[in-house]
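Fold and contact review
So you can see what is in the structure, the chains are spelled out below.
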Amino acid sequence: MTDKPQGGKPGDDSAAEEAVIKAAEEAAAAGAGEGSPEELATAKRELAERTADLQRLQAEYQNYRKRVERDRLTVREIAVSNILESLIPVLDDIGRAREHGEVTGGFKSVAESLETVVAKLGLQQFGKEGEPFDPTMHEALMHSYSSDVTEDTCVQILQPGYRIGERIIRPAMVAVAEPQPGTQTASAPDADAKSGDAKSGDAKSGDADTSDGGSDS
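Structure report, in brief. Within any chain, residue numbers begin from 1 and follow the written order of that chain's sequence. Local features are withheld for residues below a pLDDT of 70 in this predicted model, meaning they are given only at 70 or higher, and side-chain atom pairs are given and counted only at 80 or more; totals for whole chains, interfaces and linings count all residues. Side-chain calculation: all heavy atoms of the structure are included, whereas hydrogens and water are not.

1. Overview of the packing of helix 2 (residues 37-99) against helix 3 (residues 105-120)
Heads up, the condition is: Orientation is described by lines fitted to C-alpha atoms, with helices fitted over the stretch in contact, and by angles between N-to-C directions that extend from 0 to 180 degrees. Here a helix means four or more residues in a row that DSSP labels H or I, a strand means two or more in a row labelled E, and each is numbered from the N terminus. Angular relationships are summarised with four words: roughly parallel below 35 degrees, roughly antiparallel beyond 145, roughly perpendicular across 65 to 115, and oblique for the angles in between. Two helices cross in a left-handed way if the nearer one is turned anticlockwise from the farther one by less than a right angle. They cross in a right-handed way if the turn is clockwise. Between two residues, a contact is recorded if the distance between any of their heavy atoms is within 4.5 Å. Each residue gets one of three labels, nonpolar for Ala, Val, Leu, Ile, Met, Phe, Trp, Tyr, Cys and Pro, charged for Asp, Glu, Lys and Arg, and polar for the others, Gly among them.
Running from amino to carboxyl end, helix 2 crosses helix 3 at an angle of 140°, the nearest separation of the two axes being 11 Å. With respect to each other, helix 2 and helix 3 are oriented oblique. At the point where helix 2 passes helix 3, the crossing takes the left-handed sense. Side by side, helix 2 and helix 3 meet where L84, L87, V90, L91, I94, A97 and R98 of the first sit next to F107, A111, L114, E115 and V118 of the second. When grouped by side-chain class, the residues that make up the contact of helix 2 with helix 3 number 10 nonpolar, no polar and 2 charged.

2. As for a nonpolar patch on the surface
Worth spelling out the cut-off: Patch membership is restricted to residues that have no salt bridge and whose relative accessible area is over 30%. Joining uses 9 Å for like charges and 5 Å for the nonpolar side chains Val, Leu, Ile, Met, Phe, Trp and Tyr. The method behind every accessible area is Shrake-Rupley, applied with a 1.4 Å probe, and residues are considered shielded solely by the protein chains displayed. The salt bridge criterion pairs a side-chain nitrogen of Lys or Arg with a carboxyl oxygen of Asp or Glu, the two atoms within 4 Å. Think of it in three bands: with a 1.4 Å probe and only protein chains considered, a residue is buried below 20% of the maximum accessible area for its type, exposed above 50%, and partly exposed in between.
Where nonpolar side chains cluster on the molecular surface, the patch consists of Y61, Y64 and V68 and spans about 290 Å² of accessible area. The class of Y61 is partly exposed, set by a relative accessible area of 38%.

3. Side note on helix 2
Applied cut-off: Multiplying 1.5 Å by the helix residue count minus one yields the expected span of that helix. What the bend at a residue measures is the angle between two axes, fitted to the seven residues ending there and to the seven starting there.
Here helix 2 is 63 residues long and its end C-alpha atoms lie 91 Å apart, about the 93 Å a rise of 1.5 Å per residue gives. The axis of helix 2 is deflected most strongly, by about 35°, at I88, and proline P89 appears within four residues downstream. Listing the buried residues of helix 2 in full gives L47, T51, V80, S81, L84, I88, L91, D92, I94 and A97.

4. Here's the deal with the sheet that holds strand 1 (residues 123-126)
How we decide: DSSP bridges decide pairing: two strands pair if at least two such bridges lie between them.
Taking strand neighbours across the sheet as the criterion, the 3 strands line up as 1-4-5 in an open arrangement whose pairing is antiparallel. The sheet is open, and its two edges are formed by strand 1 and strand 5 (167-170), each paired on a single side. The sheet shows a mean angle of 35° between the axes of neighbouring strands, direction not considered. Bridge analysis of strand 1 against strand 4 (residues 161-164) gives 4 bridges, and the strand direction is antiparallel. Paired with L123 across the strands is I164, a residue of strand 4. The strands touched by helix 2 within the sheet are strand 1, strand 4 and strand 5, with strand 5 carrying the most contacts at an inclination of about 45°.

5. Considerations on the sheet that holds strand 3 (residues 153-159)
Read from one edge of the open sheet, 3 strands run 2-6-3, paired in mixed fashion. This sheet does not close on itself; its edge strands, each paired only once, are strand 2 (138-146) and strand 3. Averaged over all neighbouring strand pairs, the angle between strand axes comes to 25°, with direction disregarded. In terms of strand pairing, strand 3 meets strand 6 (residues 172-179) through 5 bridges, oriented antiparallel. In the strand pairing of strand 6, Q159 is matched with M173.

And the structure:
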């Protein structure tokens, strides 16, 4: 009856590999005194081949386990994402109710619990007034001009956006204000005036040089 390998934990492939290699080496050593040098060399070569096969098989199994674990995590992320996406309309209703002061009493406790749970699962809300407009995160539903901004800016959040990690589930619906046309070039006339003054100064200097040259002649 074959003894079971000792010292290895269940599922410990390295312990099984060591046991097989050790048994093969013992078998080769036991027959070393009975066979010719050619037979011994053949046995060692076969042992090396079987060891390489075993190591290759173990590597393939480890890769398989990693791939299965990776696929399992991917499936879980997709399932969680689908659930969270289906809850976004509920979160929108809670947000509108909060704006009207209707999130009170027991409903307030339920709403806060739901928001806490979805946040723990990775759902993040984004979109704030005053932040720069980013077409990868925001969707502009309204547009205007303003002298109070220096770049395209979200001046009103019509509907918050949601994302999981770096993946955008829904862009934020916003009203965007652009800089008032001409505000950024208001300093241009002053620059032109300074340039004109400089040219005028150069012209006067040229006249003075000409006058001096005439007196020399």
